[in-house]
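Observations on chain architecture
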Amino acid sequence: MTEQRSGFPRRDAEGRVLTLGDLLGVSLAGWVVGVLALVLLDWVVTSFGSGEFGRANGWLAVILPVWLYWEDFRAWEFGAARVVAGLVAGGAGLIAGLAAAGLAADLPPLVSGGLGALAFTLAFAVVWFHGVRWLARRTG
């Protein structure tokens, strides 16, 4: 039986996130915190008369989820499985994020970028979680 670290998200002894639900939950919580921080920052900036509300780049909301993904990436042994899964998940996340932001291009950058960051967060988590495990089983 594999030893498990305490805390959330639940991780195995190597530091890898154990379930897709944990990965999605923590990454979505990070996205929400990022959006709230951007809204607050944008409100503060506009209250001083520097531009209109909603002009902050919503893509910045992806910072905390990417940090989580980076930590999970580092927890996997170096090899083709983690590199290929990371590249494919990054590509899938970027495509999903750009598509979502493009569909919302008429909205303020805070909203369209935030939706792009959300799509990136979801796509990356799903592709990474399943992809790295599938490739690790195949490559030994």
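Heads up: the structure comes first, above all this text.
Residues numbered from 1 in each chain as written. Predicted model: local features only at pLDDT ≥ 70, side-chain atom pairs only at ≥ 80, totals over all residues. Heavy atoms only, no water.

Once that is clear, we can look at the environment of Gly114. In this structure, Gly114 sits in helix H4 (residues 109-139). C-alpha separation for the pair Gly114 and Val83, spaced 31 residues apart in sequence, amounts to 27 Å. Setting aside anything within four residues of it in sequence, one finds Gly114 in contact with Trp31, Gly58, Trp59 and Pro109. (Helix = DSSP H or I, 4+ residues; strand = E, 2+ residues; numbered from the N terminus. Contact = heavy atoms within 4.5 Å.)

Positionally, Asp22 belongs in helix H1 (residues 20-47). A distance of 2.8 Å separates the side chain of Asp22 from the side chain of Arg10, its partner in a polar contact. When neighbours within four sequence positions are excluded, Asp22 is seen to be in contact with Phe8, Pro9, Arg10 and Val17. (Polar contact = N/O pair within 3.5 Å; in protein donor to acceptor, adjacent residues only side chain to side chain.)

The subject of this paragraph is the pattern of salt bridges. Applying the stated criterion across every chain yields a total of 5 salt bridges. In this structure, the salt-bridge partner of Arg10 is Asp22, at a minimum N-O distance of 2.8 Å. With Arg10 in the loop between strand E1 (4-5) and strand E2 (11-12) and Asp22 in helix H1, this residue pair connects regions lying 12 residues apart in the sequence. Where Arg16 meets Glu14, a salt bridge forms, and the shortest distance between an N and an O atom there is 2.9 Å. A residue is classified by how much of its surface remains accessible, and Glu14, at 42% relative accessible area, is partly exposed. Overlapping salt bridges bring together Asp12, Glu14 and Arg16 as one network. (Salt bridge = Lys/Arg side-chain N within 4 Å of Asp/Glu carboxyl O. Buried < 20%, exposed > 50% of the residue type's maximum accessible area, 1.4 Å probe, protein only.)

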